[in-house]
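An overview of the molecular structure
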Amino acid sequence: MTTRPAAVIVLAAGEGTRMKSSTPKVLHELAGRTLIGHAVAAADALDPDHLMVVVGHGRDEVVAHLAEVAPRAAAAVQEQQLGTGHAVGCALEVLPPLDGIVVVTYGDVPLLTGDTLEELIGQHAAEGNGVTVLTAEVDDPASYGRIVRDSDGAVVRIVEYKDADQSTRLIREINSGIYAFDADVLRAGLSRLTTDNAQGEQYLTDVLELARADGRRVGALVTGDPWQTEGVNDRVQLATLHRELNRRLATRWMRAGVTIVDPASTWLDVTVTLERDVVLRPGVQLHGATVVREGAEIGPDCTLRDTVVGAGSAIVRSHAVGAEIGELASVGPYSYLRPGTRLGSQGKIGGFVETKNTDIGEGAKVPHLTYAGDATIGDGVNIGAGTIFANYDGVDKHHTSVGAHTFVGSNSVLVAPVDLADGSYVAAGSAVTSATEPGDLAIARGRQRNVKGWVDRKRSGTASDEAARQARARQTDSDVVEGSDR
C-alpha cells in the first residue's frame, strides 16, 4: 500500500426484495462467507483508518454478524432508503471529519478484491483526481448506469439506466458504483444533491458531475475483470457468482499444486487451506476452516467442514465436522465423523462408522458398523464390527476408555462409564459394564441353550419345519450308510 484511505464505506442497507427471503440479502452466503463478509474482507485489505458499513433492512442481524466477522467495522443506520448519496451521507454523519481518500463500495459485490480497490486508490492518487470510479466494459450492460465521456475520453457524468435515453443505453461502459473520492469533494457534492430524477432519490453518481463543474478531475479505472463489478440481486445471480468464484478458487489451488479431478463438482470455501499434492476427487465439498495436508486424498463424494486432514491420509465417501485426522490415516466409505473426533496417525475408521468426541490412537482401527462416542481408544486397538459405545443413559453422557492394544470382539456393547485396561480382550457379543485388568478377557453374555424339538412343537408345517425334517432324514441316511460300512 502506498496510499491508505481515510475511510471505506460499504453500502448494505437495501432490502433485497428480489431474493424473496426473510434473511437480509447481504447475509446470504457463497464460498464460506456472507455477501457482506466478502465485502468487508476486500475493504479491510486496504487497512483504512475507518471501516463503516451502512445498514438498514435487517440491521440488527447484520450488525450482529459484523461483530463476528469484522469487529473493527462500525455501523451507520440509513433509516429510509433514499438513495446511494443519502446512504453515504448517513455514514459521514457518524464518522469524524475526514481528510484524505474515501472509498465507497457495496455489500453485495462478492468477487471484488482488495487488490482492485488498492489499484483504484493508487490511480486516484497518481492522477490527482477528485473522484475515480471503477468501471467495466460488458457485452450486455442491462440496467447498469452508463459512463458518459467527452471527446477527449474524460468522464463527464454517470447516467442511471432509468434516466438514460436510447443512445446513452447503447454505451457498454458501466458504472460499478465503486468509487474513490477526495473527502472534501465528497462532502461538497453530497451537500448539493437533489432528488430530481426518475427514482426521486439522491444519486451518489451526481457527485461526479458536480466535482467536474467545480474544476476537479474525474477519472475512471476500467477493470479487465467485469465479474468484480457484478452484484447479487436474486438467487440466480447468487448461484452464478458462486460458481464463478468457485472456479477461480479451484484454478488457484490447481496452480498451487493441488489435483482437482473434476472442478465442476468440487466446491471450496475461501477459508479452506490445501497443501501441494493433495488430490480432490469428484463430489468433494470443503468448508469452513478445513485444512488438507500434503499428499492427502479426499473423495469421491466427501463433505468436510472445519476438519484437519493429515499428510498422506485418505477419505472416501464420508462426512466430517470439526474432526482431526492424523497422517497416513484412512476413513470411509460412508462414515460420519462428528465434532471432537481425533484419529491418530495410521489409524482407520472404516465403513458405516459414526464417531463423536472420541480420541482414536495411533494405528487403532474402528473398521466397520460401529458407534463410538465420548471415548478414548488407545494405540493399536481393534474394535470389532457392530460394536456400540453406549455413552448416554438418558440423562447424562459418560466416558469409555479402551486401553492400548485391546481387542474388542464383534457385536459388543461397552456400557459407559467403563475402562478397559491395556492388552485386554472382549469376547464377541459381550455387554461390558465393569472395568478389566491388564490382559483380562471380558465375557459378558448368557450361556447358549438349545431347546430340542422346538420347531416341531411351535412351528409345525412351516418351511423351517420341513427343512429341519429333511436335514434329520439326511442325517439318518448318512448314519445308516456309515453303519453298513462298518
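Relevant structure appears above.
Residues numbered from 1 in each chain as written. Predicted model: local features only at pLDDT ≥ 70, side-chain atom pairs only at ≥ 80, totals over all residues. Heavy atoms only, no water.

Let us now look at the overall build of the protein. Along the backbone of the protein there are 10 helices and 37 strands. Relative to the compact-globule value of 23 Å for 486 residues, the protein shows a C-alpha radius of gyration of 34 Å, a clear excess of over 25%. Along the longest, intermediate and shortest principal axes, the C-alpha atoms of the protein span 125 × 50 × 45 Å. Here the protein, with 486 residues, has 45% of them falling under the buried criterion. For the protein, long-range pairs separated by at least 24 residues make up 40% of all intrachain contacts whose partners lie at least 6 apart in sequence. Split by element, the accessible area of the protein, about 23000 Å² in all, is 48% carbon and sulfur. (Helix = DSSP H or I, 4+ residues; strand = E, 2+ residues; numbered from the N terminus. Rg over C-alpha atoms; globule rule 2.2 N^0.38 Å. Buried < 20%, exposed > 50% of the residue type's maximum accessible area, 1.4 Å probe, protein only. Contact = heavy atoms within 4.5 Å. Areas by Shrake-Rupley, 256 points an atom, 1.4 Å probe, with all protein chains shown as cover.)

Let us now look at the environment of Val270. Summarising the element assignment, Val270 is placed in the loop between β13 (267-268) and β14 (273-274). Each C-alpha atom, one on Val270 and one on Ser143, is 30 Å from the other, the two residues being 127 residues apart in sequence. Ignoring sequence-local partners within four residues, the contact set of Val270 consists of Ala31, Arg33, His38, Leu245 and Leu249.

For an α-helix, 3.6 residues make a turn, and residues three or four places apart therefore share a direction. Turning to helix α6 (residues 183-190), its buried residues are Ala183, Val185, Leu186, Gly189 and Leu190. Seen end-on, α6 carries its buried residues on one side only, within an arc spanning 165 degrees. Summarising the contacts, the buried residues of α6 are in contact with α3 (84-94), β6 (101-106), β7 (131-137), β10 (173-182) and α7 (206-213). (Arc of directions from axis to C-beta.)

Relative to the 30 Å expected for 21 residues at 1.5 Å per residue, helix α8 (residues 235-255) spans 30 Å between its end C-alpha atoms, a close match to the ideal helical length. Those residues of α8 lying buried are Leu238, Leu241, Glu244, Leu245, Asn246, Leu249, Ala250 and Trp253. Those residues of α8 hidden inside the fold are in contact with β2 (29-30), α1 (35-44), β12 (259-260), β13 and β14. Of the residues that open α8, the one with a side-chain oxygen 3.1 Å from the backbone nitrogen of Val236 is Asp234. (Expected span 1.5 Å × (residues − 1). Polar contact = N/O pair within 3.5 Å; in protein donor to acceptor, adjacent residues only side chain to side chain.)

Evaluated as defined, the whole model comprises 25 salt bridges. Residue Arg59 is joined to Glu79 by a salt bridge in which the shortest nitrogen-to-oxygen separation is 3.1 Å. Note that Arg59 is positioned in helix α2 (residues 59-69) and Glu79 in the loop between β5 (74-77) and α3, a separation of 20 residues in sequence. The partner of Arg276 in a salt bridge is Glu294, with the nearest N and O atoms 3.3 Å apart. On the criterion of sequence distance, the pair formed by Arg276 in the loop between β14 and β15 (279-280) and Glu294 in the loop between β17 (291-292) and β18 (297-298) is long-range, its members being 18 residues apart. On the basis of relative accessible area, Glu294 is assigned to the partly exposed category, the value being 35%. Put simply, Arg4, Asp44, Asp47, Asp49 and Arg72 are held in one network by salt bridges that share partners. (Salt bridge = Lys/Arg side-chain N within 4 Å of Asp/Glu carboxyl O.)

Taken as a whole and judged by the stated rule, the model has three aromatic pairs. With a centroid separation of 5.3 Å and 40 degrees between ring planes, the pair formed by Tyr179 and Phe181 is classed as tilted. This pair shows no difference in class: Tyr179 is buried, exactly as Phe181 is. Aromatic side chains Phe407 and Tyr425 sit 5.4 Å apart centroid to centroid with 20 degrees between the ring planes, which places their arrangement in the stacked category. You can see Phe407 sitting in strand β32 (residues 407-408) and its partner Tyr425 sitting in strand β35 (residues 425-426), a full 18 residues away along the chain. Against the face of Tyr161 rests Arg169, its NZ or CZ located 4.0 Å from the ring centre. Taking the ring centre of Trp253 as reference, the NZ or CZ of Arg252 above it sits at 4.7 Å. (Phe/Tyr/Trp six-rings, centres within 6.5 Å; stacked < 30°, edge-to-face > 60°. Lys NZ or Arg CZ within 6 Å of the ring centre and 35° of its normal.)

The subject of this paragraph is the packing of α3 against α6. For the pair α3 and α6, interaxial distance at closest approach is 10 Å and the crossing angle is 120 degrees. Put simply, α3 runs oblique to α6. You can see that α3 and α6 cross each other, and the crossing is left-handed. Contacts between α3 and α6 involve Gly85, Val88, Gly89 and Leu92 from the first element and Leu186, Arg187 and Leu190 from the second. Of the residues in the contact of α3 with α6, the class split is four nonpolar, two polar and one charged. (Axes fitted to C-alpha atoms, helices over the stretch in contact; angles between N-to-C directions. Parallel < 35°, antiparallel > 145°, perpendicular 65-115°, else oblique. Left-handed = near helix turned anticlockwise from the far one by under 90°. Nonpolar A, V, L, I, M, F, W, Y, C, P; charged D, E, K, R; others polar.)

With respect to the helices and strands, the residue Arg157 is situated in strand β9 (residues 155-159). Arg157 sits in the partly exposed class, given a relative accessible area of 32%. Here the alpha-carbon distance between Arg157 and Arg146, two residues 11 residues apart in the chain, equals 8.5 Å. With near-sequence residues (within four places) excluded, Arg157 lies in contact with Arg146, Ile147, Val148 and Glu209.

We now examine the nonpolar core. Grouped together as the largest cluster of nonpolar side chains are 64 residues, with contacts concentrated most on Ile9, Ile36, Val53, Tyr179, Phe181, Leu204 and Leu208. With residues up to four places along the chain from it excluded, the contact list for Ile9 reads Met52, Val54, Val88, Ala91, Leu92, Leu95, Val102, Val103, Val104 and Thr105. With 54 residues, the next largest nonpolar core counts Met19, Leu30, Leu238 and Leu337 among its residues. (Core = buried A, V, L, I, M, F, W, Y, C linked by side-chain atoms within 4.5 Å.)

Taken together, the side chains of Phe407, Tyr425, Leu441 and Ile443 define a hydrophobic patch exposed on the protein surface, amounting to about 410 Å² of accessible area. When its relative accessible area of 46% is taken as the criterion, Tyr425 is described as partly exposed. (Patch = residues over 30% accessible without salt bridge, like charges linked within 9 Å, V, L, I, M, F, W, Y side chains within 5 Å.)

The side-chain alternation of strand β19 (residues 302-305) yields one buried face, formed by Cys302 and Leu304, and one unburied face, formed by Thr303 and Arg305. As defined by bridge partners, strand β16 (residues 284-287) adjoins β19 across four bridges and the pair is classed as parallel. Each residue of the ladder has a partner; that of Leu286, found in β19, is Leu304. (Pairing = 2+ DSSP bridges.)

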